[in-house]
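A closer look at the structure
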Amino acid sequence: MKVHWTHNAIEHLANIYAYVALNSPVYARGMVDRITRRSEQLADHPFSGRRVREYDTEDIREIIEKPYRIIYKIKANQINVLAIIHGAHLLPDKI
């Protein structure tokens, strides 16, 4: 199955990089690499993440790459990464 990053998720990743890079560009690159590598597991194991409790639907799930939550939606032929949210932040009502 293909893992597709939505524009929203790409924007979140760019913002994470920009924020972390203010203190350490090296650490920022490492964080982005960890998040993107972590999302690759979804191609083979789409149900490996837990259901997102805020949305309580079977097809919206998350995996954790501390301190971030990688929120994704399982579709028939691909996985859509919807958002990358810091674990301390609340999720919006709708992604």
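Residues numbered from 1 in each chain as written. Predicted model: local features only at pLDDT ≥ 70, side-chain atom pairs only at ≥ 80, totals over all residues. Heavy atoms only, no water.

What to know about the nonpolar core
The tendency in soluble globular proteins is for nonpolar side chains to be buried as a group. Trp5, Ile16, Ile35, Tyr68 and Ile84 are the most contacted members of the largest nonpolar core, which totals 19 residues. Where this core is concerned, the elements lending two or more residues are α1 (7–21), α2 (25–40), β4 (68–74) and β5 (78–86). Those residues in contact with tryptophan 5 that lie beyond four places of it in its chain are Ile10, Leu13, Ile35, Thr36, Ser39, Val81 and Ile84. Membership of the second largest hydrophobic core comes to 8 residues, among which are Ile60, Ile71, Ala83 and Ile85. (Core = buried A, V, L, I, M, F, W, Y, C linked by side-chain atoms within 4.5 Å. Buried < 20%, exposed > 50% of the residue type's maximum accessible area, 1.4 Å probe, protein only. Helix = DSSP H or I, 4+ residues; strand = E, 2+ residues; numbered from the N terminus. Contact = heavy atoms within 4.5 Å.)

What about α2?
Here α2 spans 23 Å end to end across 16 residues, near enough to the 22 Å set by a 1.5 Å rise per residue. For α2, every residue scored as buried is listed here: Ala28, Met31, Val32, Ile35 and Ser39. Down the axis of α2, the buried set is contained in an arc of 95°. They therefore lie on one face. Counted as exposed and oriented over 90 degrees from the buried face of α2: Val26, Arg37 and Glu40. Tucked inside the fold, the buried residues of α2 contact β1 (2–5), α1, β3 (60–65), β4 and β5. (Expected span 1.5 Å × (residues − 1). Arc of directions from axis to C-beta.)

Quick notes on the layout of surface pockets
Of the volumes computed, that of the largest pocket is approximately 180 Å³. Looking at the largest pocket, the residues that line it are His12, Asn15, Ile16, Tyr19, Tyr68, Ile84, Ile85, His86 and His89. Breaking the lining of the largest pocket down by element, the ones donating at least two residues are α1 and β5. For the lining of the largest pocket, the leading source of residues is α1, giving 4 residues. Looking at the lining of the largest pocket residue by residue, the class counts come to 5 nonpolar, 4 polar and no charged. (1 Å grid on protein atoms, 1.4 Å probe; cavity = no way out; pocket = protein on both sides within 12 Å on 5 of 7 lines; lining within 4 Å. Points joined across faces, edges and corners; volume = space filled by probe spheres on them. Nonpolar A, V, L, I, M, F, W, Y, C, P; charged D, E, K, R; others polar.)

Purely geometric stuff here, so don't read any function into it on its own.
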